[in-house]
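An overview of the molecular structure
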Amino acid sequence: MRRLVIWTKPWDVIRDIGLRKGLNIVWSPDPGDDATQPIGHGSGKTTFCRLLRYCLGEDSFAPEGQRQSTWSKLPEGRVGAEVFVDGALYSVIRAFEGARLDVVATGVTLDELAQSPIAATGIDPLRKAISASIIGEAVDLMPASIGADRAWEASLAWATRDQECRFGHPLEWRDPDTDSRSPVRNKSKEDILNVVRALIGAITSAELETQSAATSADAELTHRRSSLGQLQWQLTRAYGALADPSDSGAGSKPLSDLDLEGLKSELIEQRRDALNLPDELSSDNLLEARTRRDAARGEWARLESDLRELDIRLTERTRTLSMLRSELPEANAKVWSAENPVCPICKVAIDTALAKGCGISTDTCDLSDLRAQREATKATIADEQQQIEVMRQSEAPLKQKIARAKQTFERLQGGVQSLEKTQFDRSLAMRRIDRRLDEVERCQGLSADIASAQKSVEQAETTLESIRQTLVSHRASASTSINALSALFDATMRQLVSQSVSASARLEGNRLALKVELGGDRSTAAIDSLKAVAFDLAAIILAIEGGARQPSFLVHDSPREADLGQSIYNRLFEFALWLEDHAGLNLPGFAGGSFA
């Protein structure tokens, strides 16, 4: 990049910053004790670094609040850059707000593009050109979480890490709060390490395939272990259901296959004994007992019905007898009146002979008929008395029969209930035995499933271990690239600190280990920041030498509070100038802090 231009509106230039090949320093002087002068911090160095990133293809140049503030002051503002890719000039113009205005043109300067504007192209043409030129086939080696389409933006994040990351870790490039929209934000250290490995040629497609296979194998192992755990949990519950409630010592303790087989044989024997019922508990005998009980209940009901009918007839006869007896005095009175007539006028008794010849009396009298009626009533009363007596004599035997019928029914009912209870208890015992038999067979099935699942887990563990060994082999084959980077890291640390320093970069499993030996392993906050800077420098030198797919520049935005200190920055600048003078390289650019 040779030039950065800022317009307030098309095409009113307010800043035109030229950049040289080699070391470029953006410096804000410290006012010291003069409070009227601007302070070194907050003068725009970080914004300048982010605008460089923005012109090189990053989606955003500032957090949301700062973007809105910039847009409100420069609603038609633009930022542009002239970038060389493989010797070809690319002019880029981007709006502070609205990607629809972004323009990328080749073979023309920014001035020429401003005089003859073209339709918006978006930033993708520049991204694709840089990616094809620098990243090349390494795009296919990017982690799936990054993707081939955003390989250049991931590489750009490494070369232009956020100030907010404070060089706390060599693989921390973008702080989520900067809202850069970089694809490396919130990614795992393992994914970022794989980006580094892809860019320095320390990973192959075979290793990626093996890594994918390892991920799948690990997921499969986790699934199989989970399935095994579920089966073991089910078996524990089955042991609990298998326990005999009468056995206070029984519980959900594990049983061996031999124990389960012995318990199954015992339950089968118990079931056989329970099925061998005594004669009085057979279903036929119970049916016969129920038949006899029902017959006794019917006889008892019939006798009680006869007694009720007898009571009704006896009541009717008694009522009839009472009525007949009430008629007898009237009959006697009629006969006596007939036998002793009275003069209806004077009420004096008269002789029968005289009465027969008396023309005064109007009554007629048939004495023999009255006497016959009276005798008939007496005969009827006698007959009714005899019938009532007969009925009363049959009542007592009938009640005795009813009592005996009731006793017979109650005895038979008790027998049936006893048989039913005994049969129910036996049936309950049978169901309990059958349930335990089912649980035994379930335990045996679960034990077999667990044995199979354990073998499956062991096979998955073996497969995963084999894949991991293959991964170790792949990573060992990448040692040439890692060793080259480690040698440059060591040389850089010697230049920045002291020739007595020993430094190394190593892959340890899924992590990058940067070690510095200076009278022992050093790992302070300042040393860790210096490690990150030296690692970035080493990677760029490796790229310049053709050993990495990384751009040959570094935008170093000094961390807040000048974590590295002035003496370290002096060494950084001197080292960069030394490389520029002695190697003639297109060396990194640095945005430094404030110095006296």
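As a reminder, the structure under discussion sits directly above these lines.
Residues numbered from 1 in each chain as written. Predicted model: local features only at pLDDT ≥ 70, side-chain atom pairs only at ≥ 80, totals over all residues. Heavy atoms only, no water.

**Details of the overall build of the protein chain**
The helix and strand inventory of the protein chain stands at 14 helices and 10 strands. Counting all 596 residues of the protein chain, 39% fall into the buried class. Excluding contacts between residues fewer than 6 apart, the proportion of contacts in the protein chain whose partners are at least 24 apart in sequence is 66%. Working note: accessible area of the protein chain is about 32100 Å², and carbon and sulfur atoms make up 50% of it. (Helix = DSSP H or I, 4+ residues; strand = E, 2+ residues; numbered from the N terminus. Buried < 20%, exposed > 50% of the residue type's maximum accessible area, 1.4 Å probe, protein only. Contact = heavy atoms within 4.5 Å. Areas by Shrake-Rupley, 256 points an atom, 1.4 Å probe, with all protein chains shown as cover.)

**Remarks on the pairing of strand β4 (residues 78-85)**
For β4, the tally of buried residues reaches seven of eight residues, placing the bulk of the element in the interior. Bridging between strand β1 (residues 3-9) and β4 involves five bridges; their strand directions are antiparallel. Residue pairing across strands places arginine 3 opposite glutamate 82, the latter belonging to β4. Sheet analysis places β4 next to strand β5 (residues 88-95), joined by eight bridges and oriented antiparallel. Opposite glycine 80, over in β5, you have isoleucine 93 as the bridge partner. Count of turn residues in the β4/β5 antiparallel hairpin: two residues, of which aspartate 86 carries a positive phi of about 55°. (Pairing = 2+ DSSP bridges.)

**Some remarks on the pattern of salt bridges**
Following the criterion strictly, the structure yields 36 salt bridges and no others. Put simply, glutamate 153 and arginine 127 hold a salt bridge, and the shortest N to O gap is 3.9 Å. Of this pair, glutamate 153 sits in helix α5 (residues 151-159) while arginine 127 is found in helix α4 (residues 124-135), placing the two residues 26 residues apart along the sequence. Taken individually, glutamate 153 and arginine 127 each receive the classification buried, so the pair is uniform in this respect. Note that arginine 150 is salt-bridged to glutamate 153, the shortest N-O span being 2.8 Å. Judged by relative accessible area, which is 5%, glutamate 153 ranks as buried. Ionic contacts of the salt-bridge type, sharing partners, join the residues Arg2, Arg3, Asp16, Glu82 and Asp111 into one network. (Salt bridge = Lys/Arg side-chain N within 4 Å of Asp/Glu carboxyl O.)

**Section: the packing of α4 against α5**
Two elements in contact, α4 and α5, have axes whose closest approach is 9 Å; the angle formed by their N-to-C orientations is 75°. Overall, the two elements α4 and α5 adopt an arrangement that is roughly perpendicular. Contacts between α4 and α5 involve Arg127, Ile130, Ser131, Ile134 and Ile135 on the former and, on the latter, Ala151, Trp152, Glu153 and Ser155. Here the contact of α4 with α5 is built from residues that sort into five nonpolar, two polar and two charged. (Axes fitted to C-alpha atoms, helices over the stretch in contact; angles between N-to-C directions. Parallel < 35°, antiparallel > 145°, perpendicular 65-115°, else oblique. Nonpolar A, V, L, I, M, F, W, Y, C, P; charged D, E, K, R; others polar.)

**Focus on the nonpolar core**
In terms of nonpolar packing, the biggest core is built from 87 residues, with Trp173, Ile200 and Phe489 touching the most fellow members. Once residues within four sequence positions are removed from consideration, phenylalanine 489 is found in contact with Ala503, Ser504, Ala505, Leu514, Lys515, Lys531, Ala534, Phe535 and Ala538. Core analysis: the next-biggest nonpolar cluster, separate from the first, contains 24 residues, Leu221, Leu231, Val457 and Ala460 among them. (Core = buried A, V, L, I, M, F, W, Y, C linked by side-chain atoms within 4.5 Å.)

**Some thoughts on the packing of helix α12 (residues 479-496) against helix α13 (residues 525-544)**
Their axes nearest at 8 Å, the elements α12 and α13 cross at an angle of 125°. In terms of their interaxial angle, α12 and α13 are classed as oblique. For α12 against α13, the interelement crossing comes out right-handed. Along the contact surface, α12 presents Ala484, Leu485, Leu488, Phe489, Thr492, Met493 and Leu496, while α13 presents Leu530, Lys531, Ala534, Phe535, Leu537, Ala538, Ala539, Ile541 and Leu542. (Left-handed = near helix turned anticlockwise from the far one by under 90°.)

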